[in-house]
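Examining the three-dimensional arrangement
The residues making up each chain are set out below.
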Amino acid sequence: MFCVAEGPPTPVVRWTKDGSAADTSKYSLSVTSDLLESSSDVLEATSVYSLDDASSSDEGDYSCTATWADSDDITGGTMTSDTATVYMFGVSSLTDSKTVAVDDALTLTCKVDISPVSTTAVSWKKDGVAATGTSFTTISSSLGYSAIVADTSAVGKVAYSCAATYTTTSSTKTSEYSYSTVSIIEACSTLSDPTGGTLDCTSGSSYTKTCTVTCDSGYVGRASPRTFTCTDGVWDSTPTPNAECTVVTTPAAYVGTFTVSYTLPFSCTESYGPYILAAYPYHAAAAESSMTYVPDTVQLDDDSFTCSYSGGKMTFTFKYRQTTSMTNQDPLDTTMEEIIDFVADNSFPVMQYLYSNGRISSDGALISSKRRRRSVAGDYEGPEFSLDASDLYGSEVTSAMSCTGFAVATNGVCTTCPQGFYISSDQCEPCPRGTYQMDGSSNQCKTCPGGTSTLDEGATSEGLCVAVCEVEQPIYSITSPPHHTIVPEGSPVTVVCDEDFTTPSGEQKVVVPCGEEPICTRITVTEAPEFVVQDTTLPLSCFVESGEQFVNCNWVVDGVSAGSSAVTHDFDRQICTKSLQVTKTTKIECSVTRGNGEILTSASNTVTMLTPTITISTPTISTGDSVQLACSAIVPSGYLGKLVLMRNGQKIGKSTISSDLAALHTHEIDSATVQDAGEYYCHVEYIETGVSISEPVSLTILGFLIEPSSTTVPHGSTTTLSCSIPNVGTQEILWLDSDGNSLVSQETTSDAVILSTLEVDSPGVYDCHAYFESFDTAATATVTFANNGFTTHPVSGTVNSGDSATLQCNHSNPTTTIQWIINGFVSDTMGNTLILDDLTTDQKVKCFAEDASGSYFTQEAAVTVRRFLVHPSDTMTASGTATFQCSLYGSDVSEIQWEVLTGSVISQPTYTTLSTPHPLIQQSTLEIQTGEYVRCVANVTGSIHQMKTKWAKHIPYSVRVTERFAIARNGFIAHCEIQSQIAPQRIIWRVRTDVVHEERDVIYDDYSGTSQATYYFTTLSDLDVLELTCGAIFSTSLATSPVRSLSPLGITMEPTSTATIKGDYAILSCQFYDYPEVNSSISWSVGSLEITDITSTYITESEVLSVARVTASQLGSHEITCQIEYEGYGFVTSEANYLSVLSETTLTRSASSVGYGDICEIEGRVPILSQYGVDYHWSVNGMAVKGAPHTIEGEYIVSKLNWPVVMDTVVTLTVVRNGEVMTVSTTVEAYGIRSMSVDSRPTIGFPTQLICEIDSADTLTHTFWYAGSEVKEATEVSQNGTMVTSRYEISELSEEDWGYYTCVAQYSNLPMVFQRLPLIPEQACLLPEISNGFFESTFLMSGKTATPECYTTHELSDATSYLQCIDGELTGVMPVCVPVKDSSKMMLAIISVCACVVVMAMLVVAIVVRVKKSSVGHAGKGFHDDDDEQDYPPLPDREPTGLSIMSTSHK
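The residue count restarts for each chain, going from 1 along the sequence in the order it is written. Local features are withheld for residues below a pLDDT of 70 in this predicted model, meaning they are given only at 70 or higher, and side-chain atom pairs are given and counted only at 80 or more; totals for whole chains, interfaces and linings count all residues. Water and hydrogen atoms were dropped before computing side-chain values, which therefore reflect all heavy atoms in the structure.

With respect to the pairing of strand S77 (residues 843-851)
- Strand pairing is defined by DSSP finding a minimum of two bridges between the two strands. Each helix corresponds to a stretch of at least 4 residues labelled H or I by DSSP, and each strand to a stretch of at least 2 residues labelled E; elements are numbered beginning at the N terminus. Pairing between strand S74 (residues 818-822) and S77: five bridges, direction antiparallel. The partner of Ile 821 across the bridge, within S77, is Lys 846.
- Examined bridge by bridge, S77 and strand S79 (residues 861-870) share three bridges and lie antiparallel to one another. Each bridged residue has a counterpart across the sheet, and for Lys 844 the counterpart in S79 is Ala 862.
- Of the pairings in the sheet, the one linking S77 to strand S78 (residues 854-857) comprises four bridges and is antiparallel in character. If you follow Asp 851 over to S78, its bridge partner there is Gly 854.

A closer look at a nonpolar patch on the surface
- A patch consists of residues exposed above 30% relative accessible area that lack any salt bridge, with like charges linked at up to 9 Å and nonpolar side chains (Val, Leu, Ile, Met, Phe, Trp, Tyr) linked at up to 5 Å. Residue burial considers only the protein chains on display, and all accessible areas are found by Shrake-Rupley using a 1.4 Å probe. In what follows, salt bridge is the name for a side-chain nitrogen of Lys or Arg lying within 4 Å of a carboxyl oxygen of Asp or Glu. A cluster of nonpolar residues, Leu 640, Ile 657 and Ile 687, forms a patch on the protein surface that exposes about 260 Å² of accessible area.
- Along the chain, Ile 687 falls in the loop between strand S59 (678-686) and strand S60 (690-693).
- When a residue's accessible area, from a 1.4 Å probe over protein chains only, is under 20% of the maximum for its type it is buried; when over 50% it is exposed; and in between it is partly exposed. Residue classification places Ile 687 among the partly exposed positions, given a relative accessible area of 36%.

As for the sheet that holds strand S99 (residues 1065-1073)
- Taken in spatial order, the four strands line up as S97-S99-S102-S101 in an open sheet, and their pairing is antiparallel. Every interior strand has two partners, whereas the edge strands, strand S97 (1051-1053) and strand S101 (1090-1098), have only one. Ignoring strand direction, the axes of neighbouring strands in this sheet form an average angle of 30°.
- Examined bridge by bridge, S99 and strand S102 (residues 1103-1111) share nine bridges and lie antiparallel to one another. The residue of S102 that forms the bridge with Gln 1071 is Leu 1105. Only the stretch in contact is used when fitting a helix axis, every axis being a line fitted to C-alpha atoms; angles between N-to-C directions are given from 0 to 180 degrees.

A look at the pairing of strand S20 (residues 208-215)
- Relative to S20, strand S19 (residues 197-205) runs antiparallel, the two being bridged by eight bridges. Across the sheet, Ser 205 pairs through a bridge with Thr 208, a residue of S20.
- Hairpin connection of S19 to S20: two residues between the antiparallel strands.
- Both S20 and strand S22 (residues 227-231) contribute to a ladder of four bridges, which runs antiparallel. The residue of S22 that forms the bridge with Cys 211 is Phe 228.

Considerations on the state of the cysteines
- Cysteine sulfur pairs qualify as disulfides if the two atoms are within 2.5 Å. Counted by the stated rule, this structure contains 17 disulfides.
- Bridging Cys 431 to Cys 445, the disulfide has an S-S length of 2.0 Å. Sign of the S-S torsion, about -85° for the bond between Cys 431 and Cys 445, identifies this disulfide as left-handed. Taken together, the positions of Cys 431 in the loop between strand S35 (427-430) and strand S36 (435-436) and Cys 445 in the loop between S36 and strand S37 (446-447) put the pair 14 residues apart, joining distant regions of the chain.
- Classification of Cys 445 by relative accessible area gives buried; the value is 17%.
- Paired by a disulfide, Cys 886 and Cys 936 hold their sulfur atoms 2.0 Å apart.

Structure, rendered in structure tokens:
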């Protein structure tokens, strides 16, 4: 508050509040000047009373008193000011910060003080932006509440603020804003009820909830039911669907357990367990004889032995388990007394057993219990000992149920456990980390593979096992990277981030799999002020505190990428810096990208731009009106703003200095002039901070910017008058002479100004009138001509084109020389008279004379030449109606008429139109449909003279393209028909806008009004619609036909090659154009096949789909085509394609019967149908077989399966095609030798018998043996059904008998088969066959080594490689024979091989001859008779197949 006292001397000013002295510390005095020249000078003293941080105690009535002291020439005195009342105002008690769920209803209220001396308005802001939807309630004369419904539609934090604005007649003040934060979170999601139960939930709010499980009838819950809690919209856990309630099953039996402890004078280091356990039969015998009251049996729990040692005594504890078939859950403690008696009475056999084994020595024992104490004499010697059973009554007896199968007792009933759990002590326990379980009826969990573990307990499959992390001890880091603590709660590890640090998913605690780096990060953007002025460049810093190293930071401004900057390191922080030019209120974020692609983003910082605003009460006014302007700006707390109004860069009025949050500066223009118009803006200087300027607003003042000025000019001269107005809205400038006649002026228009100029060549009064939408004004100028001696001036007039004009002027001084100026140039003509001949254009003429005092001019005369500007011209028309135009220049033309000549008759049509685009120009238009020639006639006002144009010719014509359709594929000829009175000179063909052909200099022998042009097109595709025009060029014009859209005729989709199975049918398709205006028909050609049905369907308005059904009756490839006949246009035939008719899937086998273990080749041929995918697979005896190779042979897939036949075998090929399954099968019978074996362990010096089991006895003719290359007859041959057993016995086994023995079977109708069996010593090793080499022996004795011999063409790849036999196991590196590299060795090897080939050929011939002799001699059924002579074929060695049964004593 200010108190101003005027007059010397300097007064003393004091303040009072409510009649009492005010606080002197709150006011001060300042003096304008203290240098007085006389006592009459007026001195101004100002006292300022300041209220800082005002409160309600500062309300009251204030006044100031000024006291002047007496002086020599002044009498002092005291004066008191009027009273000023201070009212407190503002807002307080805004609703506390709230947390709500999305879409929850929330109303915020703001307490508002009401001032009686001002009007109160409350404004709200949401995140700094004005918010709407508020209401106000008055509580009393000094208090009210404002309310707003908060926007809770999205997750996040929203800041609401309210402020009150108080307006008096002299000022407006706005209170500080009061803030409240609304945190909007997700509501608690709805949990699903678990299987067999429902959730009972209680809700504190939409984001807090607690639920428990209630199980349905027939289900039972956990022993300790779980509670699920939702806090801030997040559930601490969720129900396991199948683990909260489980199905009740029926118990099989109940089990009771109880514990017995023996106290003996021994230590625990001795193994007494086995002795106690060995004494158990004594307990069992005693139980059978004495425990007749126990329903079933008492068993010793073998896994319950424990031992403890204290006070020189050993306490040995074990458990008994009693199982009873009780059908209900009666407690077992009813028989505990009997059980204790049983234990006490029957413990003696245990002691006796210990004594008999020398473990104790005593002649008696003392057994005691709570019920009785007795001594039991024993027939053994040793120290006295006792069985301490005193704790038996105090021991806890656990009653539990043993349920059927793997089930668990829960809350008195039997249930199974869910997946991820196992049964432990009759409870469901979750599988610990590192294990999993898919079956809930198991008493153990499965262990994850080596090196892996699970993230959590309760894993349900092996797929949840991940790599293991080894953590030896916790790692703590509080102030430096990696900003987390690793808690070794198992493997994988648990990471707890430091305070304010989070993982990429926003969590503070997370379980991290092995190999994944646990990263805790905090990103902050600092050094960004809350407020800035315009054109501020901010130095921004992004601080990244993380255990991961980054290269770049990415900046995001208002949601848009603003580039990146490099990371520098400052101790434990990573820093990015950026300079940002702030042009508006801006939201700034910083982010980094992790190595795995995750993006970590900082919290956003919002920088508010301090931007003032300016308003104008009325943007457009008239001169003399008043207008108010207001400049407003936000001045944050701690800032000081200087507000000033600017116009076109210049300061207007005084400034206002304010620290109010909502500062206001006003300015009023009382009587506006055009000079007050312009762009205004608000200039705010924030002291010690910077400057912000508002957007400009325009003030428009309607009136003359320039008014015309009066002037005096010499005779004959001209002058220009000007006036201008603002270019705003709807306006007009009009010049009038003194008689009120409108004058022709020139206008120049810009975006802001309209300038009108008037050329004046005669004296008079001229008015400029400005007309606006709601306002008009006028300005006057007078033009005076000075007397220059001319008595006669040239007179303006009008003449016809080609005529002459005579002009005169006279001067008062006859001796004066008169000259003429024509169109601004001095003419050679001198004198009073000027004659202008053969005029065709307008002329401007004036006279001038010169004397000693200067030059003098007459007024200017205008000679207007009356003439036709536009003549009617020859016109061609296609519609029959022709339009002609003519225009005439001249002010004295009364009318324009037309004459039409038809034959020899001239008529005057009345259907004309007349327009006047200019005061001196008349324009007329004529439209006619008949008539050959027209001309324009003009009548001159006041004269019988007429002006006529030449005759113009009317030329009708027609041009059209005659075709509508065309077969595009073969090309076509287009025809153009032209009808015209004159013959065309050129013909132009166009497709759309492109010229495709032009025919020049067309010559006609005898033109009769009609001509035709043709053009051959070859470029039209099947799917195009040809937009075709034909143009005829005549001498003066171009006549163009209407656009003709030629629609194509032809095939749009041809039949495609396909394949089908013989006996099936094939569907062929052909698609073609068809139109209602064209008759078409389709025919099909399918070779020698038969078409059973043809259907045609319109698929669009102009396309038809024809479908032919063809019976596939003949194998082979058949040509298929479709042909379309268009009546009047021709034929279109499709390209030739083919229909392949294939045979169905077939199987071919190499033989119908195959020896056991031999390979049978089965070939399958599967036809390939191109329209379907084909899949096939083999199966043998119902089992799928993979890996059979295949080739493509023509139109078939050929797959060959080579299968070792070990039994009668059904081979099936299954083909899947188009969802249909087809199978083809064949049977291969097995025969021959099923097995070979040695009937006993071969021992030197003892007999050994070899056994050969042979199938198909009905066709078997002979069986014998080979021992090496020597033929041996079977010692014994027997038959059992279809099986024949051939035995060969070695009476006394010797070293020479070791080796391979071959059993041979010959059949009457099947190939001979044989099988080989090795006979080697025990602990010896059978040597393998070597490619391109051989071992000298068949076997290798234990402890021996062997190296093969390579053929002469090969050598050992590693000369040191060998095989060794150790206890029947063959060890070492397998030797390999490779081709020799020495050329001399190679030549020797080739010669040796050739010799071997010759010998082998001779041997094969001998074998064949002997086999044939044997077969001929024994073709009948039965077995070989020892008395018959027999030829035996030498057989090659053959390894036993996988079916041979070898002696089990050999390896």
